[in-house]
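A look at the structure
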Amino acid sequence: MKKIMILAMLLVSITCFGQAPVSYSKVLQCEGTDADDAYQRAELWLINTFSSPNKNVQMRDKESKTLVVKAATVFKSQKGNAGDINGYISYTLNLFFKDGRFKVDMIDLEHSGKKGTYNFGTLYDVEEPNVSIPFASKKWKSEIYYEMKTTAAVEFETICAILEKVVAKKIQSQDDNW
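Notes on the structure in this doc start here.

With respect to the overall build of the protein
A count of helical and extended segments in the protein gives four helices and six strands. Going from the N terminus to the C terminus, the protein shows its helices and strands as α-β-α-α-β-β-β-β-β-α. Among the 178 residues that make up the protein, the fraction classed as buried is 37%. Residue pairs at least 24 apart in sequence account for 57% of intrachain contacts in the protein once pairs closer than 6 positions are excluded. Accessible surface for the protein amounts to roughly 11700 Å². Of this, 53% is attributable to carbon and sulfur atoms.

Next comes the structure, spelled out in structure tokens:
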């Protein structure tokens, strides 16, 4: 009985106070492209894009047509007084391919400040972050947090636009007369 009560209280607290991590997901069409070709084009783009593809590309599964990539984008606040907040937003990209379409998921978004001074940590779908910064108002922290989520959203849309072009573009076969 005691275990059931604890479990019930835990579920209520998660429901009432739970925060969903920020994530983005989009299914993109690539008419006339089969899953194998789409997978190979995206994999080639990843290899050419990242300076250390063996570090960034966490999983390549040709059978299930899945790629998992760890990456980061630079975060630089537009506020002049956010120097130590500037840093990186790291994330995981999951790419899934099927004939004629593919899915892009951006998950595990996490902020790391310059030199680890102020880390907002995992980005949640809330207006006010749960971070302690001396002398910072709630409004200021909320504005910075909004900037972080906007930076992540722009990065996601940029990646989707690039992948959409890359997957749709056929790889030119090498000619013997080059």
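A word on the side chain of T73
With respect to the helices and strands, T73 occurs in strand β3 (residues 66-75). Looking at T73, its side chain comes within polar contact range of the side chain of E155, at 3.3 Å.

Digging into helix α2 (residues 35-49)
Compared with an ideal rise of 1.5 Å per residue, which puts 15 residues at 21 Å, α2 spans 21 Å between its outermost C-alpha atoms and is within 8% of the ideal. All of the buried residues along α2 are A35, A38, Y39, R41, A42, E43, W45 and L46. Buried residues in α2 make contact with α3 (53-56), β2 (57-61), β3, β4 (87-98) and α4 (138-168).

Thoughts on the packing of aromatic side chains
For the coordinates displayed, the defined rule picks out four aromatic pairs. Considering the side-chain rings of Y39 and F97, the 6.0 Å spacing of their centres and the 90° angle between planes classify their relative orientation as edge-to-face. Placement of Y39 in helix α2 and of F97 in strand β4 is noted, with a sequence separation of 58 residues between them. On the accessibility criterion, Y39 (2% relative accessible area) is buried. For F97, a relative accessible area of 4% corresponds to the buried category. With 5.9 Å between their ring centres and 25° between their planes, F120 and Y145 make a pair best called stacked.

Examining the packing of α2 against α4
Relative to each other, α2 and α4 sit at 125°, their axes nearing to 8 Å. Our classification of the angle between α2 and α4 gives oblique. As for how α2 packs across α4, the hand of that crossing is right-handed. On α4, the residues that touch A38, R41, A42 and W45 of α2 are I162, L163, V166, V167 and A168. Class assignment of the residues belonging to the contact of α2 with α4 gives a composition of eight nonpolar, no polar and one charged.

Remarks on the pairing of β4
Here 10 bridges tie β3 to β4, and the two strands are oriented antiparallel to one another. Bridge pairing in β4 places L67 opposite L95. For β4 and strand β5 (residues 101-113), the ladder comprises 11 bridges, and the chain directions are antiparallel. Looking at the pairing, T92 lines up with I107 of β5. What sits between β4 and β5 in their antiparallel hairpin is a turn of two residues, with G100 showing a positive phi close to 80°.

Considerations on the nonpolar core
Ranked by size, the top nonpolar core spans 41 residues in total, and within it I85, F97, V104, L109 and M148 carry the most contacts. Elements represented by at least two residues in this core include exactly β1 (24-29), α2, β3, β4, β5 and α4. The element contributing the most residues to this core is α4, with 10 residues. Residues within four places of F97 in sequence aside, it is in contact with A35, A38, Y39, A42, K65, L67, F102 and V167.

Cut-offs used in this document
Residues numbered from 1 in each chain as written. Predicted model: local features only at pLDDT ≥ 70, side-chain atom pairs only at ≥ 80, totals over all residues. Heavy atoms only, no water. Helix = DSSP H or I, 4+ residues; strand = E, 2+ residues; numbered from the N terminus. Buried < 20%, exposed > 50% of the residue type's maximum accessible area, 1.4 Å probe, protein only. Contact = heavy atoms within 4.5 Å. Areas by Shrake-Rupley, 256 points an atom, 1.4 Å probe, with all protein chains shown as cover. Polar contact = N/O pair within 3.5 Å; in protein donor to acceptor, adjacent residues only side chain to side chain. Expected span 1.5 Å × (residues − 1). Phe/Tyr/Trp six-rings, centres within 6.5 Å; stacked < 30°, edge-to-face > 60°. Axes fitted to C-alpha atoms, helices over the stretch in contact; angles between N-to-C directions. Parallel < 35°, antiparallel > 145°, perpendicular 65-115°, else oblique. Left-handed = near helix turned anticlockwise from the far one by under 90°. Nonpolar A, V, L, I, M, F, W, Y, C, P; charged D, E, K, R; others polar. Pairing = 2+ DSSP bridges. Core = buried A, V, L, I, M, F, W, Y, C linked by side-chain atoms within 4.5 Å.

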